[in-house]
Amino acid sequence: MTTNSLPIPAKPWTVSSRTIVFGAVGAALYGALGVFSFIIPGTANVAIRPALAIIPFVGLRFGPVAGFFTGLVGNAIVDQIQGFGFLTYWNWSLANGLIGLIAGLLAHYTPEPAVRSRRLARLAVIVIVAVIGGLAFTVTDIFLGNTFVYWLTAAYLPAVLNTALVSLLLVPVLDKAWEPLAQRAGR
């Protein structure tokens, strides 16, 4: 992430046409690319889904509102396409939205260092904290009939590990690919 890229709005809760457009584009991309995933055997329908990296990226670049929308709506689209319906895993859609929201808030409130290696470290910390915090909401699976141990070992930990890994690998790539586009936009 560079100082030449599009800035996050001055107020993290700002909703502008930019927020809406990038949130919608992020949700559409995640919804379309999210179908390219596969379920990890022995888990509670936890999928390795490279498109998950879009969620924290949108939160980092375009703010918490766009990140939340991307995760919530994008995951609901993927669930609908894969035949689960909108309400089957509603809490997981909300958790994915929280990943984008947390990433956006952390990016807004932590200054971006000038040194490239420190920028990558900041990015990694933001992604990991956002994934751990956002997916913690899925503890609501307990109220849907699962035990805590089952949720923790078959759902939460596998989801955190694969989402963090995918995001740590792909968010810097997405960010690097975005830099020339941001510079062309004159920001």
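Going by what an unreviewed UniProt entry lists, the protein is known as ECF transporter S component and is assigned to Mycolicibacterium porcinum.

The next point concerns the packing of aromatic side chains. Within this structure, the stated rule accounts for eight aromatic pairs. Judged by centre distance (5.4 Å) and plane angle (85 degrees), the ring pair of Phe62 and Trp178 falls under edge-to-face. Taken together, the residues span a long stretch of sequence, with Phe62 in helix 2 (residues 54-62) and Trp178 in helix 6 (residues 148-184) at a distance of 116 residues. We note that Phe62, like Trp178, is buried. Here Phe84 and Tyr89 contribute two aromatic rings whose centre-to-centre distance is 5.2 Å and whose plane-to-plane angle is 80 degrees, an arrangement assigned as edge-to-face. A residue is classified by how much of its surface remains accessible, and Phe84, at 27% relative accessible area, is partly exposed. Accessibility expressed as a relative area gives 23% for Tyr89, which makes it partly exposed. Feature note: the residues Phe22, Phe57, Phe62 and Trp178 constitute an aromatic cluster, connected by ring pairs.

A separate point is the UniProt feature "transmembrane region" (unreviewed entry) in the protein. Listed under "transmembrane region" (unreviewed entry) in the UniProt record, and renumbered for this structure, are residues 20-40, 52-77, 89-108, 120-144 and 150-174. Helix makes up 88% of residues 52-77 and strand 0%. Its end C-alpha atoms lie 13 Å apart. Span residues 150-174 is 100% helix and 0% strand, its end C-alpha atoms 34 Å apart.

Charged atoms that come close allow side chains of opposite charge to pair. Per the stated rule, a full pass over the model turns up two salt bridges. Residue Asp175 is joined to Arg61 by a salt bridge in which the shortest nitrogen-to-oxygen separation is 2.6 Å. Linking Asp175 in helix 6 with Arg61 in helix 2, this pair joins segments that are 114 residues apart in sequence. Across the pair Lys176 and Glu179 runs a salt bridge, and its minimum N-O distance is 3.5 Å. With Lys176 and Glu179 both in helix 6, this residue pair falls three residues apart, about one helical turn. Using a relative accessible area of 7% as the deciding quantity, one classes Glu179 as buried.

Cut-offs applied
- Residues numbered from 1 in each chain as written.
- Predicted model: local features only at pLDDT ≥ 70, side-chain atom pairs only at ≥ 80, totals over all residues.
- Heavy atoms only, no water.
- Phe/Tyr/Trp six-rings, centres within 6.5 Å; stacked < 30°, edge-to-face > 60°.
- Helix = DSSP H or I, 4+ residues; strand = E, 2+ residues; numbered from the N terminus.
- Buried < 20%, exposed > 50% of the residue type's maximum accessible area, 1.4 Å probe, protein only.
- UniProt positions renumbered as here; feature names shortened; annotations may be inferred.
- Salt bridge = Lys/Arg side-chain N within 4 Å of Asp/Glu carboxyl O.

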